[in-house]
Amino acid sequence: MNIIGEEKTQDALNIIRDYCLDHSFRISVAESVTAGMMQLMLSTCENAGMFFCGGITTYNCIQKRKQLYILDDNCIGLDGVSRQIAENMARQVSRKFSSDLSLSITGFAAPIPEKGITELFAYGCFCLNSEIVLTEKLTTSKSNQLEAQQEYASSLVQLCADSILSKFGVK
């Protein structure tokens, strides 16, 4: 299986890499729903060691609290999935890894009928110097969990690259 996915995702990873290298920036990632997929994507970029600090996967609220200091009292009630939790994850992973850029993602890649979760979605966040650049609700039509995870990771990487191009004037 090609974890990077389509050419658009590879192009987006190259934009992120080039932006980081051109500005001597470092990037880190906090993941939940994608379980390390974005870390894998970034680590496969050429010269990854020069800009990619690493990441952390916190798959439940207990680990979000322990590893990323997510103190949102609603975390358990929301199963760790909200816009605010994604934003806090991005800020905290940036601090933890001393990075300039950070990405975070939390969501659902499979239904949990017993909890009333039938629609799949995730919140992805891109942060620069602890300031939120974007937070987006991502959706998927994929019914396969792995495909949903890959789609979320690819979507967030592409949104990050699009933001870099549009907001920071990078060509």
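Here we summarise the structure given alongside this text. Here the structure is a predicted model, which is why all the values come from computation and not from measurement.

It is worth spelling out the state of the cysteines at this point. Following the criterion strictly, the structure yields 1 disulfide and no others. Note on cysteine connectivity: Cys61 is disulfide-linked to Cys75, with sulfurs 2.3 Å apart. The sign of the -95 degrees torsion about the S-S bond sets the Cys61-Cys75 disulfide as left-handed. Pair noted here: Cys61 is in helix H3 (residues 61-68) and Cys75 is in the loop between H3 and helix H4 (83-97), with a separation of 14 residues, a long-range link. The exposure class assigned to Cys75 is buried, which follows from its relative accessible area of 4%. Here Cys20 is not cross-linked by a disulfide; its sulfur's nearest cysteine counterpart is in Cys160, at 7.7 Å.

A word on unusual backbone geometry. Phi is positive for Ala35, which is not a glycine, with a value near 45 degrees. With respect to the element layout, Ala35 can be found in the loop between strand S1 (27-31) and helix H2 (37-43). Residue class for Ala35 comes out partly exposed when judged on its relative accessible area of 42%. Here the phi dihedral of Asn129 falls at roughly 50 degrees; this positive angle occurs in a residue that is not glycine. Within the secondary structure, Asn129 sits in the loop between strand S4 (121-128) and strand S5 (131-139).

How each quantity is defined
- Residues numbered from 1 in each chain as written.
- Predicted model: local features only at pLDDT ≥ 70, side-chain atom pairs only at ≥ 80, totals over all residues.
- Heavy atoms only, no water.
- Disulfide = S-S within 2.5 Å.
- Helix = DSSP H or I, 4+ residues; strand = E, 2+ residues; numbered from the N terminus.
- Buried < 20%, exposed > 50% of the residue type's maximum accessible area, 1.4 Å probe, protein only.

In short, the description is geometric, and any link to function would need to be established separately.
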